[in-house]
Amino acid sequence: MFRYILKRILSMIPTALIISIILFAFSKAMPGDPIQAMMPQGTAMTKTQEEQLYKNLSERYGLDKSYTEQYVRWLGRMLKGDFGESLRVRKPVKDYLKEPLKNTIYLNIGSTILSFVLSILIGIRSATHRGGAFDKIFQTLTLIGISIPIFFIALLLIYFFSFRLKWLPANGMPRQNTFGQWVRYLTLPTIALTIGSLASLSRYVRNSMLDALNQDYIRTARSKGLKEKTVIYSHAFRNALIPVVTALTWAILGMFSGSAITERIFSYRGIGNELIIAVIAQDYNIILALSMFYAVLTLLGNLIMDIAYALVDPRVRLEA
């Protein structure tokens, strides 16, 4: 397996390089002038002073070079772990994004665990009680959950729990770095993200379980007199996990990018919200850093899925 992982990682290098070129080209194709946006407004400067300041800022951030030279410099710095300086806040991107990345991880860990555990419990019960009251209720609820946009779910949560009941804060970040404060501010965005992913993931589990329960080896296990729990959890569920692994992996990866809307609505300082702010402010270094983060995360996700397949299904063999 080690040789397979090493080979896959090496094959990711040219893919990541191509992605970096495309992202850099798109960032330069964006309308607007970041240097012009950094120029002080409402100051009594002569035209000569403005031109000199524009030139100085261009030289400082290397934007006076050709696109090819800018890309080579950016790639070289990125490989060293230096993502440049934010044009908006004038701080190193690496230092500036530490806090938002930590906040996004806090938010997504809770919602991922909740959605995974609940989807397994709901999916298995729905499959084993197909056509029953429980199955019909949750099939209806999950269909509603898939149909309603996550931003609408977030707004409903804010309306009921913040404005009407006044139990939880509507938005913002914890005022104190204590566990109780984090729980209060994370509850609503975590519920919104959990509902958004739970609806589709539980249907994946249900359909996978139904397919597994209809296989011949399940009928054979039952004919041998095995307990129903043993048949469901030891035989059917492990084979049903194969397609669920794909859905779960993409759900985890999608939360880092898909939580941008949720973070924006709740004014939560995560990397998704920071990416939106950077796009509006044309902060190219932050846009490139986060875009490459999502790209590398996706590439690693494919590798993790292959490894997970081998772990949940002994029939899968990873060959170098």
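Quantities reported herein were computed from a predicted structural model and do not represent experimental measurements.

Thresholds applied
Residues numbered from 1 in each chain as written. Predicted model: local features only at pLDDT ≥ 70, side-chain atom pairs only at ≥ 80, totals over all residues. Heavy atoms only, no water. Salt bridge = Lys/Arg side-chain N within 4 Å of Asp/Glu carboxyl O. Helix = DSSP H or I, 4+ residues; strand = E, 2+ residues; numbered from the N terminus. Buried < 20%, exposed > 50% of the residue type's maximum accessible area, 1.4 Å probe, protein only. Phe/Tyr/Trp six-rings, centres within 6.5 Å; stacked < 30°, edge-to-face > 60°. Lys NZ or Arg CZ within 6 Å of the ring centre and 35° of its normal.

(A) Highlighting the pattern of salt bridges. Per the stated rule, a full pass over the model turns up 7 salt bridges. Ionic pairing is found between K102 and E99, a salt bridge with its closest N-O pair at 3.3 Å. Taken together, the positions of K102 and E99, both in helix α6 (residues 98-128) and 3 residues apart, correspond to about one turn of that helix. On the accessibility criterion, E99 (35% relative accessible area) is partly exposed. For the salt bridge of D216 with R219, the shortest nitrogen-to-oxygen distance reads 2.3 Å. Taken together, the residues span about one helical turn, with D216 and R219 both in helix α10 (residues 216-223) at a distance of 3 residues. Classification of D216 as exposed rests on a relative accessible area of 54%.

(B) Geometry of the packing of aromatic side chains. Per the counting criterion, the structure on display carries 8 aromatic pairs. Note on F134 and F138: the rings are 4.5 Å apart at their centroids and 40° apart in plane angle, and the pair reads as tilted. With F134 and F138 both in helix α7 (residues 133-147) and 4 residues apart, this pair spans about one turn of that helix. Grouping aromatic residues by their ring pairs yields a cluster made of F24, Y71 and W74. Taking the ring centre of F134 as reference, the NZ or CZ of R125 above it sits at 4.9 Å.

Any functional reading would require information that these geometric values do not contain.
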